[in-house]
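Report on the structure
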Amino acid sequence: MNMPFTLSTLVPVLPEIFLACMATILIVVDFLCPRNREMLAQLALFSAFGVIFFLFYQEPGLAFGTMFIADSYSVFFKVICLFGMLMTTLLSGQYLKVEQIRQGEYYSLMTFSVVGMMFMVSAADLIVVYLGLELMALSIYCLVGLLKSDARANEASIKYFLMGSFSSAILLYGITLLYGLTGTTDFAGIAKYCSETDILKNPALLTGFVLILCGFFFKVGAAPFHFWSPDIYQGSPTSITAFMSVAPKAAGFAVIGRFLLMAFPESHEQWGSLLVIISLLSMAVGNIIAISQQNVKRMLAYSSIAHAGYALLGILAGTSEGYSATMSYLLIYGFMNMGAFGVVILMCSKGNRRESLEDYKGLAKSNPMAALLMLIFMFSLTGIPPTAGFVGKFYLLKAALAAGYTWTVIIAVIFSAISAYFYLRVIRYMYMDEPQDEFITQYSPGLTAALVISAVGVLGIGILPGSIFDWAARSLVCF
Amino acid sequence: MTFPILSLLIFFPVLGGILLLGIGKENVKGVKIMALVISLLEFVISLPLWFFFDKTTHHMQFVERHSWIKLFNIEYYLGIDGISVLFVLLSALVTILCVLVSWNSIEIKVKEFFVSLLLLEGAMIGVFCALDFFLFYIFWEAMLIPMFLLIGVWGGPNRIYATTKFFLYTLVGSLLMLVGIITLYMQGGNTFDILALAEQNYPVKLQLILFWAFFAAFAVKVPMWPVHTWLPDAHTEAPAAGSVVLAAILIKMGAYGFLRFSMPILPEATSAMMIPMLVLSLIGIVYGGLICLAQSDLKRLIAYSSVSHMGFVTLGIFALNTQSVEGGILQMINHGVVTGALFLGIGMVYERTHTRKISDYGGLATNMPIFASFFLLFTLASVGLPGTNGFIGELLILLGSFLTRPWVALIAASGLIIGAWYMLWLYQRIFFNPVNARWNGIRELGLREIITFLPMVILIFWIGLYPNSMLDYMHVSVAHLLDQVTGNPAGVTSGVQLGVDAAANVVPHLPQVSH
């Protein structure tokens, strides 16, 4: 473990270092030219693009001893997180103008949170996981509260901070228990220790294990650790809600996946059935409560809980097929959810956020393009072909069935059918009701680009999913 | 033939629909004309299928096969045989009529209406052509999107309830089938190729589970009793074109699913489940018919009569012999033609009266004699008058089911009597009773409407007088299908000879012009 420290050992961390530098530069630029917001967005875009590009050419490697792994698995998730950042930046321009958010810290904080996520997905050690997670979480707490004059945003921020701290404490407690019993925080070390002794039956170890998972489930918003998400989704600036529904979730799943696979590979039977419960509970809570929501952002919050449940289907299978299904699904979910939030932002105008479902009545008449886009995203979230949501779900169901979880899959498809009800309601309002107030939607270049990317992604992946699936499967070779 | 005619048939209307989106909102007439041209061209493109189809083989024809998603061994695999060819043609034909009947009755969002209709056509044809189970599922589900909009946007007062019910019913069934499809894929050697899946043997227990999983999707679509309750709502609220597509094509897909998937892939389960399926069909026939007698809503009555008629279809299919299965397929076409025509007629009259209540009508024959004659023909075809197509289909089904289980045919025949009762009574109440003064001066059918009816009239007599022209397409494929089910090319349970010969034995009993 005691490798001599040289600068060359930092090569695998270069993308993270670069991004952290960019985050700092963003603050400096904001300080030096306080009037030029456009440039901040462009810089953020450039950094996200640059890092994605760099990641594809990066050699796999280890850094900080074995604490940090840059492998194809982490690249896949890093790309999802950066994609989330990219799309959010595109969506933000118009939204920030409408809501008059002037803080230059916006892009910088977002970039910092992505650095945190990148550390999370590359972490092979619980300490690094924790560091990354906190960097991500602290940045997002601030982002959630950016609308300083809005009471709901303040409430959301404080709520998120309190609950997030609590979950971090639980996670830390779990880590200490695990460390106390096995003497290491290294994933591989834990696995080694467990296979050499019969400590797996020790109730204290199980407690620690479950507590750590609770901390992670909180981050991905799986039931019963979901109580924060509807309020926070509703209170945050919409662009940040979009960001939160994609990037941190992907990072959380990456950690869950790596932790289970590297630290507890042999006790799949135990955690498999634990995940079945969490997964089905998430689908139940998400899909059933979403039916009664009247606010679009709240509805999408519950839908994201349900989708966390679907994504867990792949991980609970514990097979490489399952993992690649979950990975593909998270990417697909990124496309469709970013698109849906893009339309929510499109609806927003000065002084009137139009976040209620009622505001969507007759949208097809007043703004046919916006309605058509929303239709595509809603059908994709329901999982109707030929959209990406269907192929993603198909892959998950197949993986879980192949692993023998027949009943779980049957219950999952029934919940999926239930979910159709509230997604369809949006379409019903848009197409089958009369418009309430006429308004003109503004398409800024950034927002247009984001919507086009999402729509093309949703339909393109829906029709030709092969390359995404192959990439996800290839990314797992490192295990 | 290397020309990708099936792909063209599937994607031409889709592309046409997308092109249609480009036309300006104000140019309503242009939209209509273009939609008509696209649907006519589509029909012309489909005609080579009729002429170049090889009736002497059960192998798939016009095959196109390309790898699609390699990871799962999913292929873009299209082809048609004697079972599916007629439905492809029917779909192309019915879409033209749908465009014609919607000419004036659709007043809002005209462009979107025709786009939905054309997208629906592409998906429908895709369903009948797909030979890869995954591809089939894509089309099967994609169909829901335009249909959901057709009913929900352009439907009647209670349309939102109806369309949501339709969507959810179908979706639950389809998703259960999806689980079945994936299971089959894993048991059947990691392939979605329908023909390869049918060549393997599966444990009977697995077959039974899969049978019911597929049943969930297909029975909802047919719809079989007791999962039929979405149909009356959907039919009643849908616009005329929606009802026509629903009656003529969409609900045929359930029965087609049984023929294409359940029977060849799960033969033992099919044989084992024969009696339960026959009983469900019988309940559908009698129950659907009796409910018709109590209806006060015109469209609802025809919708319930569909339940009854589709009961005949599933009865024919699950009686598992040549006559009955051929009768079942022919009856699917017949029902598509006749019920499609009835819904066209109702659409036309509704456009004038804006009421669907039967008691509001009366004496229409005085004011609309041409319409009354057309409707009389459709009514008689619906009750199976000899000389019309309904007679041939029902006769073959009864004949076949009598050979399998005589008591089944006995009960089913009672359905015919009920059918004649409610249809003729309906005709009497609308066209004969004392003239309702409200309808004095009602417009008689226009030329466009008469043209819309003509193809249906021709088909009714064509199939009624010369059924062999249709049955010829099926003989070999049906014989092959039954071989697959029984696993015994020599004969079926009833001892009737199978294949072309057996069909030839039946044919002399049918009214026909040739031979």
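The shown structure was predicted, so the numbers you read here are calculated from the model rather than taken from an experiment.

Conventions we followed
Residues numbered from 1 in each chain as written. Chains lettered and ligands numbered in written order. Predicted model: local features only at pLDDT ≥ 70, side-chain atom pairs only at ≥ 80, totals over all residues. Helix = DSSP H or I, 4+ residues; strand = E, 2+ residues; numbered from the N terminus. Rg over C-alpha atoms; globule rule 2.2 N^0.38 Å. Buried ≥ 20, exposed ≤ 12 C-beta atoms within 10 Å, placed from the backbone. Contact = placed C-beta atoms within 7 Å. Expected span 1.5 Å × (residues − 1). Nonpolar A, V, L, I, M, F, W, Y, C, P; charged D, E, K, R; others polar. pLDDT = per-residue confidence, 0-100. Pairing = 2+ DSSP bridges. Axes fitted to C-alpha atoms, helices over the stretch in contact; angles between N-to-C directions. Parallel < 35°, antiparallel > 145°, perpendicular 65-115°, else oblique. Domains from an automatic or database assignment. Left-handed = near helix turned anticlockwise from the far one by under 90°. Arc of directions from axis to C-beta.

Of regular secondary structure, chain A possesses 19 helices and two strands. Its C-alpha atoms give chain A a radius of gyration of 21 Å, within 12% of the compact-globule value 23 Å for 479 residues. The C-alpha extent of chain A, read off along each of the three principal axes, is 70 × 55 × 40 Å. Each of the 479 residues in chain A was classed as buried or not, and the buried ones make up 59%.

This next bit is on the overall build of chain B. In terms of helices and strands, chain B carries 23 helices and two strands. What you see for chain B is a C-alpha radius of gyration of 22 Å, in line with the 24 Å of a compact globule of 515 residues. Dimensions of chain B, computed from the C-alpha atoms along their principal axes, are close to 65 × 55 × 45 Å. Each of the 515 residues in chain B was classed as buried or not, and the buried ones make up 60%. A fraction of 81% describes how many contacts in chain B between residues 6 or more apart in sequence connect residues 24 or more apart.

Turning our eyes to something else, we now look at helix 18 (residues 369-383) of chain B. Residue and element names in this part refer to chain B. Along its 15 residues, helix 18 runs 21 Å from first to last C-alpha, staying within 8% of the 21 Å computed at 1.5 Å per residue. Those residues of helix 18 hidden inside the fold are in contact with helix 16 (322-353), helix 17 (364-367), helix 19 (389-404), helix 20 (406-432) and helix 21 (447-465). Trailing helix 18 by a residue or two, Gly384 shows a phi angle of about 85 degrees, which is positive.

Across the contact, 25 residues belong to chain A and 24 residues belong to chain B. For the side of chain A that touches chain B, the residue count by class is 20 nonpolar, two polar and three charged.

This part covers unusual backbone geometry. In this structure, the amide linkage connecting Pro385 of chain A to the following residue, Pro386 of chain A, adopts the cis form with an omega of 5 degrees. Mapped onto the elements of the fold, Pro386 of chain A is located in the loop between helix 15 (368-382) and helix 16 (388-402). Look at the link from Val222 of chain B to Pro223 of chain B: it is a cis peptide, with omega at -10 degrees. Of note, Pro223 of chain B is situated in the loop between helix 9 (204-221) and helix 10 (230-237). Even without being a glycine, Lys109 of chain B presents a positive backbone phi close to 45 degrees. One non-glycine residue, Leu320 of chain B, lies in the positive phi region at around 60 degrees. With respect to the helices and strands, the residue Leu320 of chain B is situated in the loop between helix 15 (298-318) and helix 16. Accessibility expressed as a C-beta count within 10 Å gives 26 for Leu320 of chain B, which makes it buried.

A separate point is the confidence of the model for chain B. All names here are of chain B. Here chain B averages 85 in pLDDT, while 94% of its residues score no lower than 70. Taking the mean pLDDT of every element in chain B, the minimum, 46, falls on helix 23 (residues 499-506) and the maximum, 91, on helix 5 (residues 133-142). Predicted confidence for residues 489-508 stays below pLDDT 50, and this span has 34 contacts to residues more than four positions away or in other chains. The complex model carries a pTM of 0.89, and its ipTM stands at 0.87.

Residues and elements named next belong to chain B. The element strand 2 (residues 74-80) is largely enclosed, with a buried count of five among its seven residues. Pairing of strand 1 (residues 61-69) with strand 2 involves six bridges; the strand directions are antiparallel. Within strand 2, the position partnered with Arg65 by the bridge is Tyr77. Turn length for the strand 1-strand 2 hairpin, with the two strands adjacent in sequence and antiparallel, is four residues, and the turn residue Asn73 shows positive phi of about 65 degrees.

Attention now moves to the packing of helix 16 of chain A against helix 18 (residues 445-463) of chain A. Residues and elements named next belong to chain A. Running from N to C, helix 16 and helix 18 cross one another at 50 degrees; their axes reach a closest spacing of 7 Å. Overall, the two elements helix 16 and helix 18 adopt an arrangement that is oblique. Residue-level inspection shows Ala388, Phe390 and Val391 of helix 16 in contact with helix 18, the latter providing Gly457, Val458, Ile461 and Gly462.

Right, let's get into the environment of Leu162 of chain A. All names here are of chain A. Turning to its location among the elements, Leu162 is positioned in helix 6 (residues 151-182). When the 12 C-beta atoms within 10 Å are taken as the criterion, Leu162 is described as exposed. Once the C-alpha coordinates of Leu162 and Trp228 are considered, the two residues, 66 residues apart in sequence, prove to be 9.8 Å apart.

Residue and element names in this part refer to chain A. As far as domains go, chain A holds domain 1 (10-265) and domain 2 (267-479). On the domain 2 side, the residues contacting the 42 residues of domain 1 number 50 residues. Looking at the side of domain 1 that touches domain 2 element by element, the count peaks at 14 residues for helix 3 (residues 72-99). Partitioned by chemical class, the residues of the side of domain 1 that touches domain 2 number 27 nonpolar, 13 polar and two charged.

This next bit is on the packing of helix 15 of chain B against helix 20 of chain B. Residues and elements named next belong to chain B. In contact at an axis separation of 11 Å, helix 15 and helix 20 are set at 155 degrees when each is read in the N-to-C sense. The orientation of helix 15 with respect to helix 20, classified from their angle, is roughly antiparallel. For the element pair helix 15 and helix 20, the recorded crossing hand is left-handed. Residues Leu301, Ser305, Ser308, Phe312 and Leu315 of helix 15 pack against Val408, Ala412, Gly415, Gly419, Tyr422 and Leu426 of helix 20. Residue classes in the contact of helix 15 with helix 20 are distributed as seven nonpolar, four polar and no charged.

This next bit is on helix 7 (residues 187-196) of chain A. Residues and elements named next belong to chain A. Residues Phe187, Ile190 and Cys194 constitute the buried set of helix 7. One face of helix 7 carries all of its buried residues, which in axial projection span an arc of 65 degrees. Of the exposed residues in helix 7, the ones pointing more than 90 degrees away from its buried face are Ser195 and Glu196.

It is worth spelling out the environment of Phe432 of chain B at this point. Residue and element names in this part refer to chain B. Inspection of the secondary structure puts Phe432 in helix 20. Distance from Phe432 to Ala372, taken between C-alpha atoms, is 9.6 Å for residues 60 residues apart in sequence. Look past the residues within four positions of Phe432 in its chain and what remains in contact with it is Gly363 and Ala365.

Along the chain, Ser292 of chain A falls in the loop between helix 11 (268-290) and helix 12 (296-317). Sequence-wise, Ser292 of chain A and Gly208 of chain A are 84 residues apart; in three dimensions their C-alpha atoms are separated by 36 Å.

So, on to the confidence of the model for chain A. Of all residues in chain A, 99% attain a pLDDT of 70 or more, and the chain-wide mean is 89. For chain A, the element scoring lowest by mean pLDDT is helix 14 (residues 363-366) of chain A, at 84; helix 5 (residues 126-144) of chain A scores highest, at 93.

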